[in-house]
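In case you want the letters, here they are:
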Amino acid sequence: MSMIQVKNLKKSFGDLEVIKDISTAVEPSEVVCVIGPSGSGKSTFLRCLNRLEDISGGHVYIDGADITNPKNNINEIRQKVGMVFQHFNLFPHMTVLENLTLAPVKLGKLKPDAAEKKALGLLDKVGLGAKAKAYPGELSGGQKQRVAIARSLAMDPKVMLFDEPTSALDPEMVGDVLGVMKDLAKEGMTMIVVTHEMGFAAEVADRVLFIDGGYIVEENVPNELFGNPQHERTKAFLSKVL
Ligand code: ADP
Ligand code: MG
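Residues numbered from 1 in each chain as written. Chains lettered and ligands numbered in written order. Predicted model: local features only at pLDDT ≥ 70, side-chain atom pairs only at ≥ 80, totals over all residues. Heavy atoms only, no water.

## Observations regarding the pattern of salt bridges
As a reminder of what qualifies: Whenever Lys or Arg places a side-chain nitrogen within 4 Å of a carboxyl oxygen from Asp or Glu, that contact is recorded as a salt bridge. Strands here are runs of E lasting at least two residues and helices are runs of H or I lasting at least four, both read from the DSSP assignment and numbered beginning at the N terminus. In this scheme, a residue with accessible area under 20% of its type's maximum is buried, one over 50% is exposed, and one in between is partly exposed, where area comes from a 1.4 Å probe on protein chains only.
The final tally for this structure, using the stated rule, is eleven salt bridges. Its salt-bridge partner being Lys118, residue Asp156 comes within 2.9 Å of it at the nearest N-O pair. A residue pair is termed long-range when its members are at least 10 positions apart, and Asp156 in the loop between helix H5 (141–153) and strand E7 (159–163) and Lys118 in helix H4 (residues 112–125) qualify at 38 residues. By relative accessible area, Asp156 is classed as partly exposed at 47%. Judged by its relative accessible area of 26%, Lys118 is partly exposed. A salt bridge links Glu219 to Arg207; the shortest N-O distance between them is 2.5 Å. You can see Glu219 sitting in strand E10 (residues 215–220) and its partner Arg207 sitting in strand E9 (residues 207–212), a full twelve residues away along the chain. The exposure class assigned to Arg207 is buried, which follows from its relative accessible area of 13%.

## Details of the nonpolar core
Stated precisely, the cut-off is as follows: By convention a nonpolar core is built from buried Ala, Val, Leu, Ile, Met, Phe, Trp, Tyr and Cys residues, the set being connected through side-chain atoms within 4.5 Å. Should any heavy atoms of two residues lie within 4.5 Å, those residues are counted as being in contact.
Within the largest apolar cluster, 49 residues are counted, with the highest numbers of intra-cluster contacts made by Ile35, Leu123, Ile149, Met160, Phe162, Met181 and Met191. With eight residues, helix H6 (residues 171–186) is the single largest residue contributor to this core. When neighbours within four sequence positions are excluded, Met191 is seen to be in contact with Glu30, Val31, Val32, Met160, Phe162, Met181, Leu184 and Ala185. Judged by nonpolar contacts, the second largest core, of 30 residues, contains Val34, Val60, Val81 and Val159.

## Focus: the site of ligand 1
Here is the rule we go by: Any residue with a heavy atom lying within 4 Å of a molecule or strand is counted as near it. Polar contacts here mean pairs of N or O atoms no more than 3.5 Å apart (in protein, one a potential hydrogen donor and the other a potential acceptor; neighbouring residues in sequence count only if both atoms are side-chain atoms). For every accessible area listed, the method is Shrake-Rupley and the probe measures 1.4 Å; residues are considered covered only by the protein chains on display. When residue character is reported, Ala, Val, Leu, Ile, Met, Phe, Trp, Tyr, Cys and Pro are called nonpolar, Asp, Glu, Lys and Arg charged, and the others, Gly included, polar.
In the region of ligand 1, the neighbouring residues are Phe13, Leu16, Val18, Pro37, Ser38, Gly39, Ser40, Gly41, Lys42, Ser43 and Thr44. Gly39 is positioned such that a nitrogen or oxygen atom in its backbone is 2.7 Å from an oxygen atom of ligand 1. Backbone polar atom of Ser40 to an oxygen atom of ligand 1: 3.2 Å apart, as the coordinates give it. Alone, ligand 1 offers 560 Å² of accessible surface; in the complex the protein occludes 58% of this. Those elements giving two or more residues to the shell around ligand 1 turn out to be strand E2 (16–26) and helix H1 (42–49). Looking at the shell around ligand 1, the element that brings in the most residues is H1, giving three residues. Its residues assigned to classes, the shell around ligand 1 comprises four nonpolar, six polar and one charged.

## Let's talk about the UniProt feature "domain: ABC transporter" (unreviewed entry) in the protein chain
Selection rule: UniProt positions are given in the numbering used here, feature names are shortened, and annotations may be inferred rather than shown by experiment.
Here, UniProt's "domain: ABC transporter" (unreviewed entry) annotation points to residues 4–238. Between the C-alpha atoms that bound residues 4–238 the distance is 27 Å, and the span itself is 37% helix and 26% strand.

## Description of the environment of Val81
Note that Val81 resides in strand E6 (residues 81–84). The class for Val81 is buried, based on a relative accessible area of 7%. Considered as a pair, Val81 and Met160 are 79 residues apart in the sequence and their alpha carbons are 5.8 Å apart. The contacts of Val81, once residues within four sequence positions are left out, are Asn50, Ile62, Pro157, Val159 and Leu161.

## A short note on the state of the cysteines
Convention followed: Disulfides are defined in this document as cysteine sulfur pairs within 2.5 Å.
Scanning all chains against the criterion turns up zero disulfides. Its sulfur unpaired, Cys33 is 19 Å from the next cysteine sulfur, which belongs to Cys48. A relative accessible area of 0% means that Cys33 is categorised as buried. Of the residues examined, Cys48 reaches a relative accessible area of 0% and is grouped as buried.

## Here we look at unusual backbone geometry
Although it is not a glycine, Ser29 sits at a positive phi angle of roughly 70°. Residue position: Ser29 is located in the loop between E2 and strand E3 (31–35). Overall, Ser29 belongs to the partly exposed group, its relative accessible area being 39%. The backbone of Asn89 sits at a positive phi, close to 55°, despite the residue not being glycine. With respect to the secondary-structure elements, Asn89 resides in the loop between E6 and helix H3 (96–106). Residue Asn89 is classed as partly exposed on the basis of its relative accessible area, which comes to 45%.

Here it is in structure tokens:
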């Protein structure tokens, strides 16, 4: 069974048809990078996968559960899907540690002691064990983003969605964040990553999707998509970004 299955997904905002018809599947431990022009619906696509957007048509299955079926508990499904945004969205009035323990404790997943232990382990994993007591305002952008990743992981998601996680970072911070994501990929996390980091996509992705005009125009293993694109629109886009 696929970890994520998308069947004939459609999403409009009023008259604006952003996603016209997208179908794809992501297998357990697969890393899929999504590329495409600005405004092509990459963020909307990701947001549909955990129903941050109500979808206009089609189906999305996460680990077999149809998230568009009102009988399924959306909060339970969302716990399986971690999401990391361009702008970290940490809680500014809480310490780094509190940012990580909040959801697992509040949702009754872990007792406070266990949540703290787990959080400290995750902070070590992203290289920020020493920052547990710091506030987000005391961290660099790259550190904040690594905390945001650790915070998502604190819920033991089955899938991680990343929406341009390094786009807001100073160049010297990008490598550390991509490094954490590479480690996660190596450990077998199922990931969808919207990114402009073509080097990362080439190295880490099992498959790259090029989205434009509401459709997946082309998808392939990175070597083929970057080295031998088939569609004019893919060629035109890559000629601008590579
Ligand atoms: P990308 O992430 O590829 O840059 P987005 O998914 O953010 O693209 O946006 C795709 C299109 O949908 C854009 O035209 C954008 O203006 C529009 N859009 C996104 N969110 C909304 C919304 N909440 N309401 C209306 N239009 C939106
Ligand atoms: Mg976007």
